[in-house]
Amino acid sequence: MNTNSKIYIAGHRGMVSSAIKRKLESKGYTNLIFRTHSELDLTDQKAVNEFFETEKPDYVFLAAAKVGGILANSTYPAQFIYENLMIEANIIHASYKYGVKKLLFLGSSCIYPKLARQPLKEEYLLTGLLEETNEAYAIAKIVGIRLCKHYNQHYGTNFISVMPTNLCGPNDNFDLETSHVMSALIRKFHEARVNNKPEVVVWVTGSPKREFLHVDDMADACVPYGKL
């Protein structure tokens, strides 16, 4: 990937994709393309194909997704599985169809079984039941991984997947109904301090262990240094 390669960042306004955009720009990549949702509905196969046919990107970062925390996943499971399946299927197929050199698919650590041994290993994928509260999202992400695998097997593409742990950082979602755990905790403690509240209600028993990664560190691992 050269600094003048044409690179499409799907979902460039999100926490993950905006971090990737910042990292690419800081490394001197100048030929970046993106579209807002109002400009391109990624669940629309025809629109996605037309975009790829016109722009013909060399590389794709597939970070676009419908995301949310436990409450959002539990409340809107059909939206989570449908929209994410459509987004990844449309972009991955169009990337194959229009000759993308390499695609990076961003997934989630929730793809692993609920009771998987720790620390997680890749071979634990699909060895047990998923966490029920985000099963719809997890299944969609598993399908994305398998799409990349089988397109590589069938068509000889170069599509890879990365599964970051729980992320936090700039452009995170701080809505208490749809946010992830870290941003929800930050907001709750910030508001408690501002409003001089003596306590904060946290949804936890004290037994689960969570791992967190700053989104800029994740982006640093996804963007090559110099010419590759």
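Residues numbered from 1 in each chain as written. Predicted model: local features only at pLDDT ≥ 70, side-chain atom pairs only at ≥ 80, totals over all residues. Heavy atoms only, no water.

A. Spotlight on the overall build of the protein. Secondary structure assignment for the protein yields seven helices and seven strands. For the protein, the α and β elements follow one another from N to C terminus as β-α-β-α-β-α-α-β-α-β-β-α-β-α. The C-alpha radius of gyration of the protein comes to 18 Å, within 12% of the 17 Å expected for a compact globule of 228 residues. Viewed in the frame of its principal axes, the protein has a C-alpha envelope of about 55 × 40 × 30 Å. Counting over 228 residues, the protein shows a buried share of 40%. Contacts in the protein between residues at least 24 apart in sequence constitute 72% of all its contacts with a sequence separation of at least 6. As displayed, the protein offers around 12,900 Å² of accessible surface, 52% of which is attributable to carbon and sulfur atoms. Separation of charge centres in the protein, based on 26 positive and 24 negative side chains, amounts to 5 Å. (Helix = DSSP H or I, 4+ residues; strand = E, 2+ residues; numbered from the N terminus. Rg over C-alpha atoms; globule rule 2.2 N^0.38 Å. Buried < 20%, exposed > 50% of the residue type's maximum accessible area, 1.4 Å probe, protein only. Contact = heavy atoms within 4.5 Å. Areas by Shrake-Rupley, 256 points an atom, 1.4 Å probe, with all protein chains shown as cover. Lys, Arg positive; Asp, Glu negative; His and termini not counted. Charge placed at Lys NZ, Arg CZ, Asp CG, Glu CD.)

B. View of helix 6 (residues 181-194). The end-to-end C-alpha distance of helix 6 is 20 Å, a good match for the 20 Å that 14 residues give at a rise of 1.5 Å each. If you check which residues of helix 6 are buried, you get Ser183, Ala184 and Ala192. Down the axis of helix 6, the buried set is contained in an arc of 165°. They therefore lie on one face. What points out from helix 6, more than 90 degrees from its buried face, is the exposed set His190, Arg193 and Val194. (Expected span 1.5 Å × (residues − 1). Arc of directions from axis to C-beta.)

C. Main features of the pattern of salt bridges. This structure, assessed with the given rule, holds nine salt bridges. Glutamate 25 serves as the salt-bridge partner of lysine 21, at 2.9 Å between the closest nitrogen and oxygen. One end of the pair, lysine 21, and the other, glutamate 25, are both in helix 1 (residues 15-26), four residues apart, so they sit about a helical turn from each other. Note that aspartate 216 and arginine 22 form a salt bridge whose closest N and O atoms lie 2.6 Å from each other. Placement of aspartate 216 in helix 7 (residues 215-222) and of arginine 22 in helix 1 is noted, with a sequence separation of 194 residues between them. A residue is classified by how much of its surface remains accessible, and arginine 22, at 32% relative accessible area, is partly exposed. What emerges from the salt-bridge pattern is a single network uniting Lys6, Arg35 and Glu55. (Salt bridge = Lys/Arg side-chain N within 4 Å of Asp/Glu carboxyl O.)

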